Amino acid sequence: MMKKIVDVIKLGESVGRKLSDNATETDKRRISDWDETASGKEEVLEKLSDPDYIQEKTLYYKSFDIAGAWKRAKVRKLAQQKSMHSKMRKLVWGAAAAVTVLLSATVYLFQQDDIVKENVEVHQAIANILPGRGVPVLYLDDDRQIALNADTLDIEGTRGIEVGKKMITYSKDQIEKEEKYNKIVVPKGGEFHLVLADGSEIWLNAESTLQYFVHDIAKERVVYLQGEAYFKIAKNEQRPFKIISGEHEVKVLGTEFNVNAYLGAPMIYTTLIEGKVNVGVVNRPDIGQILQENGRQSVYNPNNKSISLRYVDPRIYTAWKDGYFIFRYSTLREVMQQLSRWYDFEYEVPDMLLDKYHFSGEFKRFDNLDRVLEIIRSTGIPFVLDIKNGKVIIREEA
């Protein structure tokens, strides 16, 4: 008899899952095997298909401990069944089974209602993670620090420098005999545009650092990058421009290109948009590659100091500058790395999930993070979302 009751409870839960479109193959078989002539079956299904009935029961169950009450109800039912005379059990079993199916299915639907509400709360929390909030910091050569979070900022004792929260412009109006270097640190969730004294423009992506010359007087124009930046270099054949990232070096005269050199990344990527660049290794003239075709990309491996070349769609590697994300068969790991830098959030995802699935698509960088994750999931990557202590938790859907 106990097995019968357990089976009926399972049947009720299967009915509940079917009504909420979550039925498994086992649920479908269980419902299909349900005796068509079983007492009360028609009435059970009619009630469970009535939204008003479910709403009424949901409100009712909210008034007490549903888990505890359901457990106690099952215990009482078992006790009652054990004490019944065999003949009496046969008479009432059909009606009792129908009531049990109805109750267990309703309980399942009630619990699903709570799960939906929890999911709404998760999505709302993720939706509150907004892009573009990181505040870049300017470090002057005299150790002063300036948070670039005001519409207009003045730097005392400077001339020919215009500073704002999105951009710094240097001009040749500065009268200096000694070269000075400043540094800009762009945190997660930030970006910045810099115009150097020679007219070169640099766009810095999130979580990037650039040390750069303030005055246009040195024989070589050298900047130091950690992170990602898009360069549009003013041409000057007498004074080459260098970008140094660790031992990686890019030499240019006048051109447009993107350098991705994040700290800890396994490779450094230089993507040519226009002109010509020479990619090499600091103090190693024997190692180098020349890029002189639009869409040509170099891949530098710091472990063995090798440089390989390939053709790519440059839009994929420069879309961030124009306010977009573009992914082409990117692993979920690559996608999450980019999203976490821009939206400034911590995440927890199993390695298997990060490397197992690939995603292709594009969207605006200022889209809501929750919407972005839903777009990724809509392509067929089976994951569920949660958020704990501000950390986004992604796990594979069961």
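Our subject is the structure that appears above.
The shown structure was predicted, so the numbers you read here are calculated from the model rather than taken from an experiment.

Description of the layout of surface pockets
Consideration 1: Of the voids in this model, the largest pocket is the one considered here, and its volume is about 840 Å³.
Consideration 2: Along the wall of the largest pocket there are 36 residues; nearest its centre are Asn 260, Glu 334, Gln 337, Gln 338 and Arg 341.
Consideration 3: Those elements that place two or more of their residues in the lining of the largest pocket are helix H7 (314-318), strand E18 (324-331) and helix H8 (332-343).
Consideration 4: For the lining of the largest pocket, the class distribution of residues is 19 nonpolar, 7 polar and 10 charged.

Digging into the environment of Asp 386
Consideration 1: By the element assignment, Asp 386 lies in strand E21 (residues 383-388).
Consideration 2: Between the C-alpha atom of Asp 386 and that of Val 122, which follows or precedes it by 264 residues, the distance is 5.7 Å.
Consideration 3: Sequence-distant contacts of Asp 386, defined by excluding residues within four places in its chain, comprise Val 122, Lys 391, Val 392, Ile 393 and Arg 395.

Some words on the sheet that holds strand E22 (residues 391-396)
Consideration 1: Taken in spatial order, the 3 strands line up as E19-E22-E21 in an open sheet, and their pairing is mixed. Of all the strands in the sheet, just strand E19 (347-348) and E21 have a single pairing partner and so form its edges.
Consideration 2: Looking at chain direction, E19 and E22 are connected through 2 bridges and run parallel. By the bridge assignment, Glu 348 is partnered in E22 with Ile 393.

Concerning the pattern of salt bridges
Consideration 1: Applying the stated criterion across every chain, the model contains 20 salt bridges.
Consideration 2: A salt bridge links Asp 142 to Arg 144; its shortest N-O distance comes to 2.9 Å.
Consideration 3: Residues Asp 198 and Arg 221 are paired through a salt bridge, measuring 2.6 Å at the closest nitrogen-oxygen approach. One end of the pair, Asp 198, is in the loop between strand E6 (192-195) and strand E7 (201-204); the other, Arg 221, is in strand E9 (residues 221-232), and 23 residues separate them in sequence. Considered together, Asp 198 and Arg 221 belong to a single accessibility category, that of buried residues.

A look at the side chain of Thr 271
Consideration 1: Mapped onto the elements of the fold, Thr 271 is located in strand E13 (residues 268-274).
Consideration 2: The class for Thr 271 is buried, based on a relative accessible area of 0%.
Consideration 3: Here the side chain of Thr 271 touches Gln 297 through a polar contact of 2.8 Å, side chain to side chain.
Consideration 4: Setting aside its immediate chain neighbours within four residues, Thr 271 contacts Phe 257, Asn 258, Arg 296, Gln 297, Val 312, Pro 314 and Tyr 317.

Some remarks on the nonpolar core
Consideration 1: Core analysis: the largest hydrophobic core is formed by 40 residues, its most contacted members being Ile 168, Tyr 212, Phe 231 and Phe 257.
Consideration 2: The dominant element in this core, judged by the number of residues it contributes, is E9, at 4 residues.
Consideration 3: With residues near it in sequence (within four places) discarded, Phe 257 still touches Ala 229, Tyr 230, Phe 231, Ile 233, Ile 243, Val 250, Val 252, Thr 270, Thr 271, Leu 272, Ile 273 and Val 277.
Consideration 4: By size, the runner-up hydrophobic cluster in this structure holds 29 residues, among which are Val 335, Phe 345, Leu 369 and Leu 373.

Describing unusual backbone geometry
Consideration 1: The phi dihedral of Glu 207 is positive, around 55°, even though this residue is not glycine.
Consideration 2: Take Glu 207: it is sitting in the loop between E7 and strand E8 (208-213).
Consideration 3: The backbone of Tyr 329 shows a phi angle near 50°, a positive value even though the residue is not glycine.
Consideration 4: By secondary structure assignment, the location of Tyr 329 is in strand E18.

Examining the packing of aromatic side chains
Consideration 1: A complete count under the given rule lists 12 aromatic pairs for this structure.
Consideration 2: Arranged with centres 6.1 Å apart and planes meeting at 50°, the rings of Phe 327 and Phe 363 form a pair that is tilted. Pair noted here: Phe 327 is in strand E18 and Phe 363 is in strand E20 (residues 358-364), with a separation of 36 residues, a long-range link. In this pair, the class of Phe 327 matches that of Phe 363, namely buried.
Consideration 3: An aromatic cluster of at least three residues, connected via ring pairs, comprises Phe 325, Phe 327, Phe 359 and Phe 363.
Consideration 4: One residue, Lys 183, lies across the ring of Tyr 139, its end atom 5.2 Å from the ring centre.
Consideration 5: Sitting over the face of the ring of Trp 203, Lys 321 holds its NZ or CZ atom 4.6 Å from the ring centroid.

A look at H8
Consideration 1: The terminal C-alpha atoms of H8, which comprises 12 residues, lie 16 Å apart, in line with the 16 Å expected from a rise of 1.5 Å per residue.
Consideration 2: Among the residues of H8, those classed as buried are Leu 332, Val 335, Met 336, Leu 339, Ser 340, Arg 341, Trp 342 and Tyr 343.
Consideration 3: The inward-facing, buried residues of H8 abut E18, E19, helix H9 (351-356), E20, helix H10 (369-378) and E22.
Consideration 4: Just past H8, the residue Asp 344 takes up positive phi, approximately 55°.

The rules behind these values
- Residues numbered from 1 in each chain as written.
- Predicted model: local features only at pLDDT ≥ 70, side-chain atom pairs only at ≥ 80, totals over all residues.
- Heavy atoms only, no water.
- 1 Å grid on protein atoms, 1.4 Å probe; cavity = no way out; pocket = protein on both sides within 12 Å on 5 of 7 lines; lining within 4 Å.
- Points joined across faces, edges and corners; volume = space filled by probe spheres on them.
- Helix = DSSP H or I, 4+ residues; strand = E, 2+ residues; numbered from the N terminus.
- Nonpolar A, V, L, I, M, F, W, Y, C, P; charged D, E, K, R; others polar.
- Contact = heavy atoms within 4.5 Å.
- Pairing = 2+ DSSP bridges.
- Salt bridge = Lys/Arg side-chain N within 4 Å of Asp/Glu carboxyl O.
- Buried < 20%, exposed > 50% of the residue type's maximum accessible area, 1.4 Å probe, protein only.
- Polar contact = N/O pair within 3.5 Å; in protein donor to acceptor, adjacent residues only side chain to side chain.
- Core = buried A, V, L, I, M, F, W, Y, C linked by side-chain atoms within 4.5 Å.
- Phe/Tyr/Trp six-rings, centres within 6.5 Å; stacked < 30°, edge-to-face > 60°.
- Lys NZ or Arg CZ within 6 Å of the ring centre and 35° of its normal.
- Expected span 1.5 Å × (residues − 1).

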